[in-house]
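Structural features, examined
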2 protein chains.
Amino acid sequence: MPGEFELIARYFTRPVHKAVLGVGDDCALLQTAPGMQLAISTDMLVAGRHFFADVDPFLLGHKCLAVNLSDLAACGARPLAFSLALALPQAEDAWLAPFAKGLLALADAHGCELIGGDTTRGPLTICITVYGEVPADAAALPIPTQALLRSGAQPGDEVYVSGSLGDAALALLALQGRRTLPPNLLQAARARLEQPTPRVALGQALRGIASACADISDGLLGDLGHLLARSHCGARLEVDKAVPLLAARQAYAGGSAQFDSDMGARTALQCVLAGGDDYELVFTAPLAQRSALAALSDTLGLPLTRVATIEAAPGLRLVDAAGHAVAHDFASFDHFATRLALP
Amino acid sequence: MPGEFELIARYFTRPVHKAVLGVGDDCALLQTAPGMQLAISTDMLVAGRHFFADVDPFLLGHKCLAVNLSDLAACGARPLAFSLALALPQAEDAWLAPFAKGLLALADAHGCELIGGDTTRGPLTICITVYGEVPADAAALPIPTQALLRSGAQPGDEVYVSGSLGDAALALLALQGRRTLPPNLLQAARARLEQPTPRVALGQALRGIASACADISDGLLGDLGHLLARSHCGARLEVDKAVPLLAARQAYAGGSAQFDSDMGARTALQCVLAGGDDYELVFTAPLAQRSALAALSDTLGLPLTRVATIEAAPGLRLVDAAGHAVAHDFASFDHFATRLALP
C-alpha cells in the first residue's frame, strides 16, 4: 500500500505549464495575465450523498472535476488549474489509478492543471477547487468584470437552457429501482448522471451576449431561482418548452405520450424542473441576441432552448401553452433540507 | 434547522474588500496586483483523524484556517482570501455559530476574506483552500518568484526553527491518557494542539533572508526531510539544540531531568522530532544572515533557534553535543502509513 507522499507522487504529480509552481511545495503559485481575474469555485462530493460509494472510479474522477468546471463555465471563465483534496478509507491502487485517469483525462481536455491539494485517510470525500481566468472590465458596474454573473438579468430578457435536462435525475430514479427504462435510454441517461459535460466553451462564448448565467446543479427551478434572486426580478416559465428537454422522453419508443403513461405523467416535469445533476447552463439574454445565440448554437452543435421570460415581479411562475398557471410543489435540491427533490 | 442556503447566508456570507466578488455566485473573483502571484494551499481535516469529533467548535474553526495560513507563511505569502468546503452530519446552530466565530476571528486577524465554498451533509470534514499574495521575480531561477520554496537550501546554510516544538504532540499523548502532565503545562500544551499560531508575519519577513522554508505539520524530521529532498542536499541535526524546544519540558517543576525521568527519556526527543501539529516554520539561511535573523527574532518576539547545518550529502543525520550519531526510528506522520508516529 503506498504511503501519502508516494501516492501523491504516483498519481497526482505532473509538470505544470500555466502555473508558476505545481504540486510539492507548501503552496502552488499562479500568476494571471495583466487585466485578467481569477475565477474560483469549490465543490465537495461525499460518498453516499453525491455518488454511490461503489461507482466506477474513472467516472467519479471525471465527474468531480466536471462539476467544478461547470461553475467556471457559468462565469464564462477559461479553466487554468485545480487543487484536489481527497479523503480515502484506504489507499488502493486499484481505485486510485482509474480515478486519477478519469480526473486527469477531463483536466487535459480543458487544459486545466492539477497544482496541489491534500490526501488523508477518512470517509471517501473529494473536494476540488478550480481556478479559471476571465477578463477584468474596469467600466462594468457594480462588479468590474467581464465574468458572467447571476445578477445581471433584466425584465424582458429571455431565459435559455443549454442541451438537455432531467436525464440525470431519471437515471437516478432508475438506478434506485423507482422507474424502469429501456436499456439504451438508461445507458444514455446514466452517462448524463455519471459523466456530465461541463459547458466550458459555451460559457466563454456567452461573455458579451448573456446578461446573467448560472449552471444547473440543483435543478432548473432552484438554480434559475437563485439567478432571479440575485437579479432582483422574476420569470414566467413555459412548462411546455421545458419538458421536451428530457432527452429520454423524446427518444422513448411509442413517443412522449407513451413515456408519460409508463413513467407517470409528472415524472418528466419533475426531472426537468427539479432533478439536478444536469450541469447545463441557464442564462438570460436580451431579445437582440436571438440571432447571435442561434449562430452560437450551430457553431457548438448544442441546442439553446428559450424556456422563460424575465419579468419585474419577483418569483418564478410556471405556465402552460395557454398561459395558465401550472401548480407544482417541486423543491430544488438542498443538502440540509428534510424534503428531497425526488419522489 | 437551517437549509443549505440559509446556513451559508447566516454564517458564511460577508462583504469582501480585497476580492472582486465573494460568496453567492457560481465563482468568486480575485485579482492580484500587477507583479504579484497567487500562492494557493489546500488542507482537508477529517473528524477522528485530525481532531476529536467533540472538540470545541470555536477552537476547530481557528485550527482549520490556521493550518492553511501556516502554508502561506511557509511560502512568505500575505493572506488574501480563503474558500471553505464543509461536510456536516447535521446543520446545528449550536455548533455552527462558534465554529464560524473561531474561523472568522482568525481570518479577520490576518485580513483573510471568506470568498466562497460549499456545504453539504456528510461525515464532519473541513476543506479549506487559502489564497495569498507574493511578489513575482522574473530574474529568479528556476522559479520566477520571491516566494520561499523548499528547494533553495545550499550546503553551509544553517537550519532554524521558530518558536517551540513538540508540545502539541505531548498534549495529544496526555489527552489519550498515555502521559500525565501537571494542569498548567497541559493547558499550555493543549493550546498549542488546539489553537496553533500560524507564523504569517515571520514568513513574509523571511523573504530575501531564508534560502528555503517549510512549515512543520507532520514533525520536524519529516518536514525538514521534504525540504532537504527538494533542495537535493542533507543536514546534520544537533539533538541537544532541538530538545529544549519542547516548552513543557523547560517549564517542568524539578527541571528537564525530572521531566525526562517522569515522562520517559525519549518522550521529549520523540515529540520534538516527530510529533507534528506544531505549525512552526523550519527554514535555512546562509551564515551571513545570522544578525538579520537575531534582529527579526527580537522584532517579532519569537525565538528562532539554529538546530542543524546543511550538508551536500543527502539524508538527515542526528548527532549529540559531542558529534556522535544518535540512533532513532522516528517516523514522520503519514496519513496512509501503517506505523504511527507516536508510541
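Residues numbered from 1 in each chain as written. Chains lettered and ligands numbered in written order. Predicted model: local features only at pLDDT ≥ 70, side-chain atom pairs only at ≥ 80, totals over all residues. Heavy atoms only, no water.

Let's shift gears to the overall build of chain A. Counting its regular elements, chain A contains 12 helices and 11 strands. Computed over the C-alpha atoms, the radius of gyration of chain A is 21 Å, within 12% of the 20 Å expected from 2.2 N^0.38 for a compact globule of 343 residues. Taken over the C-alpha atoms alone, chain A extends approximately 65 × 55 × 40 Å along its principal axes. Long-range contacts, defined here as pairs at least 24 residues apart, represent 82% of the contacts in chain A between residues at least 6 apart. Of note, chain A has its 24 positive side-chain charges centred 4 Å away from the centre of its 34 negative side-chain charges. (Helix = DSSP H or I, 4+ residues; strand = E, 2+ residues; numbered from the N terminus. Rg over C-alpha atoms; globule rule 2.2 N^0.38 Å. Contact = heavy atoms within 4.5 Å. Lys, Arg positive; Asp, Glu negative; His and termini not counted. Charge placed at Lys NZ, Arg CZ, Asp CG, Glu CD.)

Listed per partner, the contact involves 75 residues of chain A and 75 residues of chain B. Approximately 5,600 Å² of surface area, both sides summed, lies buried where chain A meets chain B, with 59% of it carried by carbon and sulfur atoms. Across the chain A-chain B interface, the total number found is four salt bridges. In this structure, Asp25 of chain A and Arg150 of chain B form a salt bridge, with 4.0 Å as the shortest nitrogen-oxygen distance. Remark: the boundary between chain A and chain B carries 19 residue pairs in polar contact (both at pLDDT 80 or more). (Buried area = accessible area lost by both parts, 1.4 Å probe. Salt bridge = Lys/Arg side-chain N within 4 Å of Asp/Glu carboxyl O. Polar contact = N/O pair within 3.5 Å; in protein donor to acceptor, adjacent residues only side chain to side chain.)

Turning to the confidence of the model for chain A, a few remarks are in order. For chain A, per-residue confidence averages 92 on the pLDDT scale, and 96% of positions sit at 70 or higher. Confidence over residues 337–343 of chain A falls short of pLDDT 50; this stretch has 17 contacts with residues more than four positions distant or in other chains. (pLDDT = per-residue confidence, 0-100.)

Here two copies of a chain appear, and what relates them is a rotation about an axis with a shift along it. Placing chain A over chain B gives an RMSD of 0.0 Å and needs a rotation angle of 180°, together with 0.0 Å of translation along the axis. The two molecules are tied by a two-fold rotation axis, judged by turn and shift. (Least-squares fit on C-alpha atoms with pLDDT ≥ 70 in both.)

In terms of nonpolar packing, the biggest core is built from 63 residues, with Phe12, Phe82, Leu84, Phe99, Leu103 and Leu206 of chain B touching the most fellow members. Element by element, the count of residues in this core is highest for helix α2 (residues 57–75) of chain B, at 10 residues. Other than its neighbours up to four places away in sequence, Leu84 of chain B contacts Phe12, Phe99, Leu103, Leu114, Gly116, Gly117, Asp118, Ile126, Cys127 and Ile128 of chain B. Cys112 and Leu302 of chain A together with Val20 and Leu29 of chain B belong to the second-largest nonpolar core, a separate cluster that totals 61 residues. (Core = buried A, V, L, I, M, F, W, Y, C linked by side-chain atoms within 4.5 Å. Buried < 20%, exposed > 50% of the residue type's maximum accessible area, 1.4 Å probe, protein only.)

Further remarks concern the pattern of salt bridges. Side chains that differ in charge, positive against negative, can pair when their charged atoms come close. Considering all chains together, one arrives at 28 salt bridges over all chains under this definition. Where Lys241 of chain A meets Glu238 of chain A, a salt bridge forms, and the shortest distance between an N and an O atom there is 3.3 Å. On the accessibility criterion, Lys241 of chain A (34% relative accessible area) is partly exposed. Each of Asp25 and Asp26 of chain A together with Arg150 of chain B takes part in salt bridges that share partners, so that together they form one network.

All right, on to the sheet that holds strand β4 (residues 113–121) of chain B then. Strand order in the open sheet formed by five strands is β1(A)-β2(B)-β5(B)-β3(B)-β4(B), with mixed pairing between adjacent strands. With one partner strand each, in any of the chains shown, β1 (28–30) of chain A together with β4 of chain B form the two edges of the open sheet. For this sheet, the mean inter-axis angle between neighbouring strands, taken without regard to orientation, is 20°. In this sheet, β4 of chain B lies alongside strand β3 (residues 78–88) of chain B in parallel orientation, the contact comprising eight bridges. Bridge pairing in β4 of chain B places Phe82 of chain B opposite Leu114 of chain B. Across the face of the sheet, helix α3 (residues 93–109) of chain B comes into contact with β3, β4 and β5 (125–135) of chain B while running at roughly 165° to β3 of chain B. (Pairing = 2+ DSSP bridges. Axes fitted to C-alpha atoms, helices over the stretch in contact; angles between N-to-C directions.)

Here we take up the domain arrangement of chain A. All names here are of chain A. When the domains of chain A are assigned, the result is domain 1 (4–135) and domain 2 (158–319). Its C-alpha centre places domain 1 at a distance of 26 Å from the equivalent point of domain 2. With 20 residues of domain 1 at the contact, the number on the domain 2 side is 18 residues. Here domain 1 and domain 2 share an interface that buries about 1,600 Å² over both sides, 62% of which is from carbon and sulfur atoms. The interface formed by domain 1 and domain 2 includes one salt bridge. In this structure, the connection of domain 1 to domain 2 is made through five residue pairs in polar contact (both at pLDDT 80 or more). Secondary-structure elements contributing two or more residues to the side of domain 1 that touches domain 2 are α2 (57–75), β3 (78–88) and β5 (125–135). It is α2 that contributes the most residues to the side of domain 1 that touches domain 2, 11 residues altogether. Partitioned by chemical class, the residues of the side of domain 1 that touches domain 2 number 13 nonpolar, four polar and three charged. (Domains from an automatic or database assignment. Nonpolar A, V, L, I, M, F, W, Y, C, P; charged D, E, K, R; others polar.)

Residues and elements named next belong to chain B. Reading across the sheet, the six strands line up as β7-β9-β6-β10-β8-β11 and stay open at both edges, with mixed pairing between neighbours. Each of the sheet's edge strands pairs with one partner strand only, and the pair in question is β7 (212–216) and β11 (315–319). Neighbouring strand axes in the sheet, compared pairwise and without regard to direction, differ in orientation by 25° on average. Bridge count for strand β6 (residues 158–162) against strand β10 (residues 304–311) is five bridges, and the pairing is antiparallel. Residue Val161 lies in a different strand from β10, and its bridge partner there is Thr305.

All names here are of chain A. Between its terminal C-alpha atoms helix α3 (residues 93–109) stretches 24 Å, which fits the 24 Å expected from 17 residues at 1.5 Å a residue. Turning to α3, its buried residues number three or more, namely Trp95, Leu96, Phe99, Ala100, Gly102, Leu103, Leu104, Leu106 and Ala107. Where α3 is buried, its residues meet α1 (4–11), α2, β3, β4 (113–121) and β5. Gly111 occupies a position one or two residues after α3 and carries a positive phi of about 60°. (Expected span 1.5 Å × (residues − 1).)

In this section: the environment of Asp25 of chain A. Assignment of secondary structure puts Asp25 of chain A in the loop between α1 and β1. Given the relative accessible area of 11%, Asp25 of chain A is considered buried. Considered as a pair, Asp25 of chain A and Gly208 of chain A are 183 residues apart in the sequence and their alpha carbons are 39 Å apart. Ignoring any residue separated from it by four or fewer positions in sequence, one finds Asp25 of chain A in contact with Cys75, Leu148, Leu149, Arg150, Ser151, Cys213 and Arg230 of chain B. A distance of 2.8 Å separates a polar atom in the side chain of Asp25 of chain A from the backbone nitrogen of Arg150 of chain B.

Scanning all chains against the criterion turns up zero disulfides over all chains. Not engaged in a disulfide, the cysteine Cys233 of chain A finds its nearest cysteine sulfur in Cys213 of chain A; these two sulfurs lie 14 Å apart. Residue classification places Cys233 of chain A among the buried residues on the basis of a relative accessible area of 4%. The thiol of Cys213 of chain B is unpaired, and the distance to the nearest cysteine sulfur, on Cys75 of chain B, comes to 7.9 Å. Residue Cys213 of chain B is classed as buried on the basis of its relative accessible area, which comes to 0%. (Disulfide = S-S within 2.5 Å.)

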